[in-house]
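Below, each chain spelled out in residue letters.
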Amino acid sequence: MLEKLPEFIKEIDGSKALIVTDKGIRAAGHADRALSVLEKAGCEAVLFDGVQENPTNHCISNCRDFAQEAKIDVLIGLGGGSSMDTAKGCNFLLTNGGEMKDYHGYGKATRPMLPFIAIPTTSGTGSECQSYALVSDDETHVKMACGDSKALARVALLDPDLTASQPKRVASLTGLDALAHALETAVCIPRNPISKIHSLEAFRLLARSIHTVITGTSLPEDRSNMLLGAALAGLAIENSMLGAAHACANPLTAFFGVTHGHAVSLMLPHVIRFNREDPEVNEIYHAYESFIPSNGAKKVDMAEWVNTLVASAGLRSLSALGVESPDVGKLAAGASQQWTGRFNPRPVGQADFEALYSSALSDVVERV
Ligand SMILES: [Fe+2]
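Residues numbered from 1 in each chain as written. Predicted model: local features only at pLDDT ≥ 70, side-chain atom pairs only at ≥ 80, totals over all residues. Heavy atoms only, no water.

Draft legend 1. Region of interest: the overall build of the protein. Along the backbone of the protein there are 14 helices and eight strands. For 368 residues, the compact-globule estimate of 2.2 N^0.38 gives 21 Å, and the C-alpha radius of gyration of the protein, at 20 Å, lies within 12% of that figure. Reported as C-alpha extents along the three principal axes, the dimensions of the protein are approximately 55 × 45 × 40 Å. Burial statistics for the protein: of 368 residues in total, 55% are counted as buried. Summed over its atoms, the accessible surface of the protein is roughly 15300 Å², and 53% of this surface lies on carbon and sulfur atoms. For the protein, the separation between the mean place of its 32 positive charges and that of its 42 negative charges on side chains is 2 Å. (Helix = DSSP H or I, 4+ residues; strand = E, 2+ residues; numbered from the N terminus. Rg over C-alpha atoms; globule rule 2.2 N^0.38 Å. Buried < 20%, exposed > 50% of the residue type's maximum accessible area, 1.4 Å probe, protein only. Areas by Shrake-Rupley, 256 points an atom, 1.4 Å probe, with all protein chains shown as cover. Lys, Arg positive; Asp, Glu negative; His and termini not counted. Charge placed at Lys NZ, Arg CZ, Asp CG, Glu CD.)

So, in C-alpha cells, the structure goes:
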C-alpha cells in the first residue's frame, strides 16, 4: 500500500514532498522505505525526523524552517499523532505565517495551505482523518487544538504493514484510545447521522480485533481492522465530539504523567456507567454490546468488557499510579475545564468528576 504514495503525490500535482516523522519511525525503517518508494517513482522528497512527542510550537517552527529551506510543495505526516500534528502545524506556519497560538481554535488560516498526506503507523489517534493539530504550549504544556478545514489530509494512506512494528504496549494503548473515541462519539451530545455511521463501524472493527492486539496475537486482518477502525473513529470525532472520559484523562496526563490511552481507558468504564443513567444512551450501549465478541456467552456488559481489556493489557490502576483520595478535587477541577466534557451526554460538574475519579480509585490495584 505504501507503494501507492507516488500515485497520490502525482494526483495532487506535487513536485517535492517533505516527510515529517520521528527518529523511532526512522529506526523502524518506515521513513527510508517511503523515501525509496518515492525515489524509484521519480518523486523528489526530503525527510524531517525531528518530531517530538506532544509537539510544541518550537518543534513545529523547526519543521517549518526545514520545509522553507527545502522549498517543498507537499507535506507527508508519517507516524503517530505527533508526526501528523507536526506536519499539520508546519502547514499552518509555512503557508500562513505566525505562531501556533495564532491558530488556536478553528478556521483562523486565511491563506490556502499545502496538500497534506497522512500515513499513520499506529492505530489510535485518528489524526489522519481530522482537521485539528494538537500542539502543546512551549511553557505550560497545555494542549491547544488548532483546526482548519484546509488542514485536513487530502489522502489518508492506511497500510496495516506499517503498524506491525509497534511495541505491544503502544498498540494496546493506542487501540484502547481508538475504542474510547468510538464509544464517546457514539453517545456525545453532537452525535448525528454521519458521525453515528463512523462510530458504529469503528466500534465493530475495533471490538473484533482489539483483544488480539492486547495479547500480542494479532494477524494481518486484525491490524487492518484496528487501523481502519481508528481512522473511522477519527472521522466520527471530526463530525461530532468526545466526552467525559477524555475530559478526565487530560488532568491525569498533566498531573501524573499518565499516557493518554492509559488514562482514557482507566476512566472509560466509570464514564460508561455514569452515562448509562440516561435511557437513550443506555440503549446505544446496548446496541453496541451486540458487537462485542462473546464466545457464545450471554451478552457482555460494556463497562465490564473495557475493564477486562484494561486488565489483559496489564495497565496499572489509578492508585498504583500514585493517585490518592486528596488528589480527586484537583483532578476534578482540571477535568471541569476540559472542552470535551461539555459534550458528554449527561452534564458533568465538579461533584460528578470527583465521583468518577473516586470510583476509579476504588478499582482493584494491579488488575492483571
Ligand atoms: Fe483520545
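Draft legend 2. Region of interest: the pattern of salt bridges. Within the structure shown, the criterion is met by 15 salt bridges. Among the ionic pairs, Arg-33 bridges to Asp-159, the shortest N-O distance being 3.9 Å. Taken together, the residues Arg-33 in helix α3 (residues 30-40) and Asp-159 in the loop between β8 (155-156) and α6 (168-187) connect sequence positions 126 residues apart. Among the ionic pairs, Arg-276 bridges to Asp-301, the shortest N-O distance being 3.4 Å. Placement of the pair is Arg-276 in the loop between α10 (260-275) and α11 (279-289) and Asp-301 in the loop between α11 and α12 (302-312), with a sequence separation of 25 residues. Overall, the relative accessible area of 33% leaves Asp-301 in the partly exposed class. Beyond isolated ion pairs, a larger network of salt bridges with shared partners links Lys-23, Arg-26, Asp-32 and Asp-49. (Salt bridge = Lys/Arg side-chain N within 4 Å of Asp/Glu carboxyl O.)

Draft legend 3. View of helix α13 (residues 328-336). Within α13, burial applies to Val-328, Leu-331, Ala-332, Gly-334 and Ala-335. The arc that holds the buried residues of α13, viewed along the axis, is 160°, so those residues lie on one side. Buried residues belonging to α13 abut α9 (244-256) and α14 (350-361). (Arc of directions from axis to C-beta. Contact = heavy atoms within 4.5 Å.)

Draft legend 4. Summary view of the sheet that holds β8. Read across the open sheet, the five strands follow the order β2-β1-β3-β5-β8; overall the sheet is parallel. Among the strands making up the open sheet, the edge pair consists of β2 (44-48) and β8. Pairing of strand β5 (residues 116-120) with β8 involves two bridges; the strand directions are parallel. Bridging across to β8, Ala-118 finds its partner in Ala-156. Along the sheet face, helix α4 (residues 57-70) touches β1 (16-20) and β2 and points at about 155° away from the line of β2. (Pairing = 2+ DSSP bridges. Axes fitted to C-alpha atoms, helices over the stretch in contact; angles between N-to-C directions.)

Draft legend 5. Region of interest: the coordination of the iron ion. The coordination sphere of the iron ion contains the protein donors Asp-177 (OD), His-181 (NE2), His-246 (NE2) and His-260 (NE2), at a distance range of 2.1 to 2.2 Å. Considering all four donor atoms around the iron ion, the spread of angles at the metal, 86 to 170°, places the coordination shape in the irregular class. Positions of the donor residues of the iron ion, expressed as sequence spacing, correspond to D-x3-H-x64-H-x13-H. You can see Asp-177 sitting in helix α6 and its partner His-260 sitting in helix α10, a full 83 residues away along the chain. (Donors = N, O, S within 2.8 Å, 3.2 Å for Na, K, Ca; no water. Tetrahedral: all angles 85-135°; square planar, octahedral: opposite > 155°, others 65-115°.)

Draft legend 6. A look at the domain arrangement of the protein. With domains assigned, the protein is organised as domain 1 (2-161) and domain 2 (167-361). Between domain 1 and domain 2, the C-alpha centre-to-centre distance is 27 Å. Residue-level contacts link 15 residues of domain 1 with 18 residues of domain 2. In total, about 1300 Å² of surface goes out of reach between domain 1 and domain 2, with carbon and sulfur atoms giving 63% of it. For domain 1, the biggest contributors to the area lost against domain 2 are Ser-123, Cys-129 and Pro-160; these three give 41% of the whole. At the surface where domain 1 touches domain 2, the tally comes to zero salt bridges. Joining domain 1 to domain 2, the criterion identifies three residue pairs in polar contact (both at pLDDT 80 or more). Split into classes, the residues belonging to the side of domain 1 that touches domain 2 amount to six nonpolar, seven polar and two charged. (Domains from an automatic or database assignment. Buried area = accessible area lost by both parts, 1.4 Å probe. Polar contact = N/O pair within 3.5 Å; in protein donor to acceptor, adjacent residues only side chain to side chain. Nonpolar A, V, L, I, M, F, W, Y, C, P; charged D, E, K, R; others polar.)

Draft legend 7. Just the pairing of β1, in detail. Across the five residues that make up β1, a large majority, five, are buried. Judged by which residues are buried, β1 turns out to be covered on both faces: Lys-16, Leu-18 and Val-20 on one side and Ala-17 and Ile-19 on the other are all buried. With five bridges joining them, β1 and β2 adopt parallel strand pairing. Note on β2: the bridge partner recorded for Ile-19 is Leu-47. Strand direction decides the pairing type here: β1 and strand β3 (residues 74-79), joined by four bridges, are parallel. Across the sheet, the residue bridging to Ile-19 is Ile-76, located in β3.

Draft legend 8. How the structure looks around the state of the cysteines. If you walk through the whole model with that rule in mind, you get zero disulfides. Of all cysteine sulfurs in the structure, the one in Cys-63 sits closest to Cys-90, which takes part in no disulfide; the separation is 3.8 Å. A relative accessible area of 0% means that Cys-90 is categorised as buried. The thiol of Cys-248 is not disulfide-bonded; the next cysteine sulfur, from Cys-188, is found 16 Å away. (Disulfide = S-S within 2.5 Å.)

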